[in-house]
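Fold and geometry: a report
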Amino acid sequence: MQFRRYFSKQLTQNQLLAIIACLGIFARLFYSQFAENIIHPDEIIQYAEQAHKHVFGYGLEPWEYRFGVRSWFLPKAISTVLALLNQLGISEPEAYTKFIRLITSIASISLVWSCYQITKHCFPKSRLGPLIASFTAAFWIEIIVYAPRATPEALASYALCAAIGIVTKYKSSQKENLLAGILIGLAAGLRYQYLPAIAILSILCAKRQTIRQVSIFAIGILTSSSAIATSDVIRWGDPLKPLVNNFKFNAIEGISATFGVETWHFYLEQLATSSVYLVAVIVAIIYPFSAWLTAITSANNRLATTLIHKGAGLTNSQILENRLIVAFIVLVMIVSHSAVPHKELRFTFATIPITLCLISGATSSLLERLNKKVEKSSCYAPKAFRALLTISMATLVATLLSHSWPNNHVVNYYKNLLMSSKPLLVTKYLRSLEGVTSILRLDTSRGFAGGYYYLHLNSRLYGQQNINNIEPDQFYNYFSHIVLNSDSKAPANFQTAKRFPSIIIYSNSLIKSKDLLPLDGHNAIYNGVDINFSSDNF
């Protein structure tokens, strides 16, 4: 009782957000440091690997960088951090990989503020909606899983959500408009595919602001866009080359389709299933905590007024416009990405926190109204209603998650994401061995093995696509070490160097490392493009 009375009197809006943010940071740091894994090879090969190559002089180069399809901005930013750490004598993968993951994890916590602002401006009369949105943004599993990954999809999403939080305020200050412009330019430069959604947000800002404010907004866009363009001019000689080539190779020539094609409704399915049934979980979250939060806001008139009315300077038409615009941004992102045959959930990552805002605000508003009506009918009804709804939602979630257990693809998906990657552990062990000059990875792709970014040895690194014309009994002529799955046949003239639960490292027992023959990795062409140098084949 004393605990509740203390917090009821002392907590303010900013303090609640600070508590949620601190807990969210702790969750992200714990995950980033103790569950080191790779969702897709792109997150290493396309960005961190290029930064490593720029700083240390060696690394794998995918076809996108040989043909100028990717912007150089993100690899350059990562390479700047790696170069500074190297100057300080910090050049071991165990250190710099964790430091990069630390930076991006901290950047991810901005979604707590962004989701609070978006929900407050769309549902300003809801007490719990903004808090629930910030809470779910702090602990939602996809958001935590993506937090330590330095990818343009994640970083652009942070910038876009923050910009939405500012623009939906309706009347923003000059500093806020400048910041919104910088964030919009950053999101557009990092993720070209977000341009349709960004255009909608920019039009909304222009509609609501004065000419002077719009000019400041435009200056912000030009500032961040110029920084990105400058990095591309230095690398490619043309600021628009990555954008033009990306459209040429992927949209016109269909290169991206060679890496997998999904149905048109893929993103809708993923948003519903991989995000663990958004509506049910949020409703299940709201009611167990609604009594406590309602008690706090009821006992503290200052907090209750802040939560209810601080964002209520908006008229009903403005509130409706905010809701429609935010929902339309999600729709445009899904439709524009669905038009491309090659689809991956990470491409539309921004839709997850934005959808959390809409669902948190809508369900909170609905349940708060319903709760008030129930409270008027009987003094026992509120608790009974809350308990019944909570049990129902919890049962629904448990049923959905436990279906076909333990072969449920959703359960297995998250189980893998919450564990450290075994191929990465193997890569780290290879660094400790002597005479490692030529490695063949057959347990996984080189991207999932972390590339040179994790290996950090100037040794030749090969994959499955490099041995199409070599007989297995000739492997000893080319490789000092071979990594195989434990159920694979041991190669001739190799001895076991280390056994892992499902992976075995073999070392060459016949030929010394200096006498091994090199291999040419460029041996498969599709429409003039070296497919072997895609990160999907790394």
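Residues numbered from 1 in each chain as written. Predicted model: local features only at pLDDT ≥ 70, side-chain atom pairs only at ≥ 80, totals over all residues. Heavy atoms only, no water.

**Things to note about the overall build of the chain**
- On a plain count of helices and strands, the chain comes out with 23 helices and seven strands.
- The proportion of buried residues among the 538 residues of the chain is 53%.
- Contacts spanning at least 24 positions in sequence make up 76% of the contacts within the chain whose residues lie at least 6 apart.
- Accessible area for the chain stands at about 23,900 Å²; split by element, carbon and sulfur atoms hold 63% of it. (Helix = DSSP H or I, 4+ residues; strand = E, 2+ residues; numbered from the N terminus. Buried < 20%, exposed > 50% of the residue type's maximum accessible area, 1.4 Å probe, protein only. Contact = heavy atoms within 4.5 Å. Areas by Shrake-Rupley, 256 points an atom, 1.4 Å probe, with all protein chains shown as cover.)

**Re the packing of helix H10 (residues 152–167) against helix H12 (residues 195–208)**
- At a minimum axis distance of 10 Å, the contact between H10 and H12 shows a crossing angle of 20°. As far as their axial angle goes, H12 and H10 are roughly parallel. The handedness of the crossing between H10 and H12 is left-handed. Taken together, the residues of H12 that come into contact with H10 (itself represented by Leu 160, Ala 163, Ile 164 and Val 167) are Ile 198, Leu 201, Leu 204, Cys 205 and Arg 208.
- Here the contact of H10 with H12 is built from residues that sort into eight nonpolar, no polar and one charged. (Axes fitted to C-alpha atoms, helices over the stretch in contact; angles between N-to-C directions. Parallel < 35°, antiparallel > 145°, perpendicular 65-115°, else oblique. Left-handed = near helix turned anticlockwise from the far one by under 90°. Nonpolar A, V, L, I, M, F, W, Y, C, P; charged D, E, K, R; others polar.)

**Quick word on the packing of aromatic side chains**
- Here the structure, examined in full by the defined rule, presents 19 aromatic pairs.
- Here the aromatic rings of Tyr 58 and Tyr 452 are separated by 5.6 Å at their centres, their planes lie at 85°, and the arrangement is edge-to-face. Here Tyr 58, found in the loop between helix H3 (42–56) and helix H4 (63–66), pairs with Tyr 452, found in helix H23 (residues 451–455); they are 394 residues apart in sequence, far enough to count as distant.
- Residue classification places Tyr 58 among the buried positions, given a relative accessible area of 15%.
- Where Tyr 65 meets Trp 72, the ring centres are 6.2 Å apart and the plane angle is 80°; that geometry is what we call edge-to-face.
- Among the aromatic residues, those joined into a cluster by ring pairs are Phe 56, Tyr 96, Tyr 453 and Tyr 454.
- Of note, Arg 235 hangs over the ring of Trp 72, and the distance from its end group to the ring centre comes to 4.4 Å.
- For the cation-ring pair, Lys 248 lies above Phe 249, with the distance from its terminal atom to the ring centre recorded as 5.3 Å. (Phe/Tyr/Trp six-rings, centres within 6.5 Å; stacked < 30°, edge-to-face > 60°. Lys NZ or Arg CZ within 6 Å of the ring centre and 35° of its normal.)

**Some details on helix H7 (residues 110–122)**
- Compared with the 18 Å implied by 1.5 Å per residue over 13 residues, the 18 Å span of H7 between its first and last C-alpha is a close match.
- Of all the 13 residues making up H7, eleven are buried; the element is thus mostly covered by neighbouring parts of the structure.
- For H7, the set of buried residues is Leu 111, Val 112, Ser 114, Cys 115, Tyr 116, Gln 117, Ile 118, Thr 119, Lys 120, His 121 and Cys 122. (Expected span 1.5 Å × (residues − 1).)

**What about the sheet that holds strand E3 (residues 481–485)?**
- Spatially, E2-E1-E3-E5-E4 is the arrangement adopted by the five strands of the open sheet, whose pairing is mixed. Edge strands, defined here as strands with exactly one partner in the open sheet, are strand E2 (460–462) and strand E4 (494–499). Each strand axis lies, on average, 25° off the axis of its neighbour in the sheet, ignoring direction.
- The pairing of strand E1 (residues 438–441) with E2 spans three bridges and is classified as parallel. (Pairing = 2+ DSSP bridges.)

**Observations concerning the side chain of Ser 231**
- Structurally, the position occupied by Ser 231 is in helix H13 (residues 211–236).
- In this structure, Ser 231 is in contact with Trp 72 and Phe 73, ignoring residues within four places of it in sequence.

**Quick word on the nonpolar core**
- Judged by nonpolar contacts, the single largest core of 72 residues is most densely connected at Leu 160, Leu 201 and Ile 329.
- The contact partners of Leu 201, leaving out residues within four places of it in the chain, are Leu 160, Ala 163, Ile 164, Val 167, Ile 184 and Ile 329.
- In this structure, Tyr 58, Ile 439, Leu 455 and Ile 505 belong to the second largest nonpolar core, which totals 14 residues. (Core = buried A, V, L, I, M, F, W, Y, C linked by side-chain atoms within 4.5 Å.)

**What to know about the pairing of E4**
- In the sheet, E4 pairs with strand E5 (residues 503–508) via five bridges, with the strands oriented antiparallel. What sits directly across from Phe 494, in E5, is Asn 508.
- Between E4 and E5, which pair antiparallel and follow one another directly, the connecting turn spans three residues.

**What to know about the pairing of E1**
- Taking every second residue as pointing to the same face, both faces of E1 are buried, with Ser 438 and Leu 440 on one and Ile 439 and Arg 441 on the other.
- As paired strands, E1 and E3 are joined by three bridges and run parallel to one another. Residue pairing for E3: Leu 440 is matched across the bridge by Ile 482.

**Some remarks on the packing of helix H2 (residues 13–34) against helix H6 (residues 93–108)**
- In contact at an axis separation of 9 Å, H2 and H6 are set at 155° when each is read in the N-to-C sense. Classified by the interaxial angle, the pair formed by H2 and H6 is roughly antiparallel. The hand of the H2/H6 crossing is right-handed. Two secondary-structure elements touch here, H2 through Arg 28, Leu 29, Tyr 31, Ser 32 and Gln 33 and H6 through Lys 98, Arg 101, Leu 102, Ser 105 and Ser 108.
- By residue class, the composition of the contact of H2 with H6 is three nonpolar, four polar and three charged.

**Observations regarding unusual backbone geometry**
- Its identity as a non-glycine residue notwithstanding, His 456 has a phi of 55°, on the positive side.
- Note that His 456 resides in the loop between H23 and E2.
- His 456 gets classed as buried once you look at its relative accessible area, which sits at 12%.
- With a phi close to 65°, Asn 493 is a non-glycine residue in the positive phi region.
- Following the sequence through the fold, Asn 493 ends up in the loop between E3 and E4.

**A look at the pattern of salt bridges**
- Using the criterion set out here, one finds 16 salt bridges in the structure.
- Of the charged contacts, one joins Glu 61 and Lys 53 as a salt bridge, the two residues approaching to 3.4 Å between their closest N and O atoms.
- Notably, a salt bridge pairs Arg 208 with Glu 321, separated by 2.8 Å at the nearest N-O pair. In this pair, Arg 208 is assigned in helix H12 and Glu 321 in helix H18 (residues 316–338), connecting sequence segments 113 residues apart.
- Since its relative accessible area comes to 19%, Glu 321 is described here as buried.
- Put simply, Asp 42, Glu 64, Arg 70, Glu 153, Arg 191, Glu 344 and Arg 346 are held in one network by salt bridges that share partners. (Salt bridge = Lys/Arg side-chain N within 4 Å of Asp/Glu carboxyl O.)

**Describing helix H14 (residues 241–252)**
- Over its twelve residues, H14 extends 15 Å from the first C-alpha to the last, a length consistent with the 16 Å expected when each residue adds 1.5 Å.
- Among all positions of H14, only Pro 242, Asn 245, Asn 246 and Phe 249 are buried. Across the axial projection of H14, the buried residues extend over an arc of 105°, all falling on one side. Opposite the buried face of H14, at more than 90 degrees from it, the exposed residues are Phe 247, Ala 251 and Ile 252. (Arc of directions from axis to C-beta.)

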